Amino acid sequence: MPRAERREQILDAATRAFARTGFAATGLEDVAAEAGVTHVILYRHFASKSDLYRAVLDRACTRLAKTVGTDDYDEDSVAALLCAAAADPDGFRLLFRHAAREPEFRDVIDSIRSASMEIAARHLADAIPDSPWRTWAAQLVPTLTLEAVIMWLDTGQPEPGHAADRIRQVIQGVIQAAQ
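What comes next is a walk through the structure. From a predicted model like this one, the values you see are computed outputs, not experimental measurements. (Residues numbered from 1 in each chain as written. Predicted model: local features only at pLDDT ≥ 70, side-chain atom pairs only at ≥ 80, totals over all residues. Heavy atoms only, no water.)

**What about the overall build of the chain?**
Counted only if it meets this: Under the DSSP-based scheme used, a helix requires at least four consecutive residues in state H or I and a strand at least two consecutive residues in state E, with every element numbered from the N terminus. Remark: exposure states derive from per-residue accessible area (1.4 Å probe, protein chains only) relative to the maximum for the residue type, with buried under 20%, exposed over 50%, and partly exposed in between. Any two residues whose heavy atoms approach within 4.5 Å are treated as being in contact. His is not counted here, nor are the chain ends, while Lys and Arg score as positive and Asp and Glu score as negative. Charged side chains are reduced to one point each, which is NZ for Lys, CZ for Arg, CG for Asp and CD for Glu.
From N to C terminus, the chain includes nine helices and zero strands. Secondary structure elements of the chain occur, N-terminal to C-terminal, as α-α-α-α-α-α-α-α-α. Its C-alpha atoms give the chain principal-axis dimensions of roughly 60 × 30 × 25 Å. The buried share among the 179 residues of the chain stands at 42%. Across the chain, contacts joining residues at least 24 apart in sequence account for 69% of those joining residues at least 6 apart. The average position of the 20 basic charges and that of the 26 acidic charges among the side chains of the chain differ by 5 Å.

Given below as structure tokens:
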């Protein structure tokens with residue numbers, strides 16, 4: 001198998017394995033078994049378990065950014081986020097559930113959350129006067145949205161055509177509360 005394909009195979013398997021039990025509880029033997037390769041093959045592509053996990057998170061970030069974008073919020077953003085989560089549920093859970101609990105990898109989620117809060121603050125500037133309530137809403141909206149998407153994944157992705165509208169209604173509730 002060509003090197004690039006083998007690397008993707010390992011990343012796919014590692015994503016599944018890490019999503020099941022998290023970084024600490026997943027060994028390289030679990031990843032090797034999931035990928036159907038030996039430890040030697042793993043080490044040809046990744047120097048350590050940490051390097052492999054970081055590569056998995058980086059790939060999930062890249063996929064998320066490609067689907068959702070990184071610059072602004074508009075009426076299609078929630079639907080795009082749901083689409084990204086549905087396309088890579090294990091990667092999404094790793095980013096927003098597991099990485100947040102792993103001190104070594106917390107920087108990944110912290111940078112995403114920080115950027116999300118900045119985007120939310122820009123978006124909310126026209127709707128909410130400059131006040132602690134705007135700051136509250138700018139912090140709450142991304143957190144609430146991500147948790148809503150994870151819960152949507154965990155409950156089997158009900159009504160995909162209506163999920164974005166429901167999440168936008170919750171976001172609107174936060175905006176109204178902050179006004």
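**Describing the environment of I112**
Tracing the sequence through the fold places I112 in helix α7 (residues 106-124). By relative accessible area, I112 is classed as buried at 16%. Along the backbone, I112 and R6 are 106 residues apart, and their C-alpha atoms lie at a distance of 28 Å. If sequence neighbours within four positions are ignored, I112 has contacts with C61, L95 and F96.

**Some thoughts on the side chain of K49**
With respect to the helices, strands and loops of the structure, K49 is situated in helix α4 (residues 49-68). What K49 contacts, discounting residues up to four positions off in sequence, is F18, F23, A24, T26 and L28.

**Quick notes on helix α6 (residues 89-98)**
Since there are 3.6 residues in each turn of an α-helix, residues three or four apart along the chain are aligned in direction. Buried residues dominate α6, accounting for seven of its ten residues. Within the span of α6, buried status applies to G91, F92, R93, L94, L95, F96 and H98. Looking at the buried positions of α6, the neighbouring elements they touch are α1 (3-25), α4, α5 (77-87), α7 and α8 (132-154).

**A few points about the nonpolar core**
What tends to happen in soluble globular proteins is that the nonpolar side chains get buried as a cluster. Threshold: To qualify as a nonpolar core, a set must consist of buried Ala, Val, Leu, Ile, Met, Phe, Trp, Tyr and Cys residues joined through side-chain atoms within 4.5 Å.
Within the largest apolar cluster, 55 residues are counted, with the highest numbers of intra-cluster contacts made by F18, L52, F92 and F96. Apart from the residues within four sequence positions on either side, L52 is in contact with I10, L11, A14, F18, L28, V31 and F46.

**Observations concerning α1**
Let me state the cut-off plainly: By definition here, a helix of n residues has an expected span of 1.5 Å times n minus one. We define the bend at any residue as the angle between the axes fitted to the seven residues before and including it, ending there, and the seven starting there.
A rise of 1.5 Å per residue sets the reference length of α1, with its 23 residues, at 33 Å; its end C-alpha atoms lie only 27 Å apart and thus fall more than 12% short of the reference. For α1, the principal kink sits at A19 and spans about 85°. In this fold, the buried residues of α1 make contact with α2 (28-35), α3 (39-45), α4 and α6.

**Observations regarding the pattern of salt bridges**
The condition is simple: Definition used for salt bridges: Asp or Glu carboxyl oxygen within 4 Å of a side-chain nitrogen of Lys or Arg.
With the rule as written, the count across this model stands at eleven salt bridges. Note that D107 and R54 form a salt bridge whose closest N and O atoms lie 3.1 Å from each other. With D107 in helix α7 and R54 in helix α4, the pair connects residues that are 53 residues apart, well separated along the chain. On the basis of relative accessibility, which here comes to 43%, the residue D107 falls in the partly exposed class. A salt bridge links R93 to D154; its shortest N-O distance comes to 2.9 Å. Here D154 lies in helix α8 and R93 lies in helix α6, a separation of 61 residues in the sequence. Here R93 falls in the buried class, since its relative accessible area comes to 17%.

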